[in-house]
Amino acid sequence: MTDEQLFRLANAFVMPAWLLLAVAPRWLWTRRLVHSALYPALLGVVYTVGLLASGPGSDASADGAGLSSLAGIYAAFANPRMLLVAWVHYLVFDLFVGAWQARDARRHGVPHWALVPCLFLTLMAGPMGLLAYLAIRFLRTRGGSLVEGDFEETLT
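Residues numbered from 1 in each chain as written. Predicted model: local features only at pLDDT ≥ 70, side-chain atom pairs only at ≥ 80, totals over all residues. Heavy atoms only, no water.

> Whenever I open this one, the side chain of D104 confuses me. Can you help?
Locating D104 in the fold gives a position in helix 5 (residues 80–108). Overall, D104 belongs to the buried group, its relative accessible area being 0%. Those residues within four positions of D104 in sequence are excluded, and the remaining contacts are Y133 and R137. (Helix = DSSP H or I, 4+ residues; strand = E, 2+ residues; numbered from the N terminus. Buried < 20%, exposed > 50% of the residue type's maximum accessible area, 1.4 Å probe, protein only. Contact = heavy atoms within 4.5 Å.)

Below, the structure is given as structure tokens:
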């Protein structure tokens, strides 16, 4: 499979999950698919295989590539395989954050109509969508804590 095919497949793979979060947030299959480990695990495998295949000694490694400087990141991302790996990284984390937002909104009574634009922003520009959701949540709850359930009890 080419990098371009894998890119298209990964994008197509996450879209049903985003649609389920937006249009059927309480449906049993949304909970079973999107709020399970399925999506992060499968995309995590793609990420891991891609990263390992792009490591030192591979055709995808580049001179000067690394994570310790902006020039190193630029050199790494100049390679299409590493750019694909980075894109899958975004897909995994953005969907994970979107699913968390949906669960958190439900716990805190944030109306679904207010969540949907945040989900779209999270899909398109991850941190911007998270920021929008946190702002709406703060206005709704007047609290900034992200501590959940039993974990909160262990902090006191």
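Here the narrative resumes.
> Help me understand the confidence of the model for the protein chain in this model?
Any residue range with low pLDDT should be treated as having predicted coordinates unsuitable for detailed reading. With 88% of its residues at a pLDDT of 70 or more, the protein chain has an overall mean of 88. For the protein chain, per-element mean pLDDT is lowest for helix 7 (residues 149–155), which scores 59, and highest for helix 6 (residues 112–141), which scores 96. (pLDDT = per-residue confidence, 0-100.)

> Any chance you could explain the pattern of salt bridges here in plain terms?
Opposite charge on two side chains allows them to pair when their charged atoms are near. Overall, the coordinates contain four salt bridges when judged by the stated rule. R8 is the partner of E4 in a salt bridge, and the nearest nitrogen-oxygen pair spans 3.1 Å. Of the two residues, E4 and R8 both sit in helix 1 (residues 3–23), four residues apart, roughly one turn of that helix. The exposure class assigned to R8 is exposed, which follows from its relative accessible area of 55%. (Salt bridge = Lys/Arg side-chain N within 4 Å of Asp/Glu carboxyl O.)

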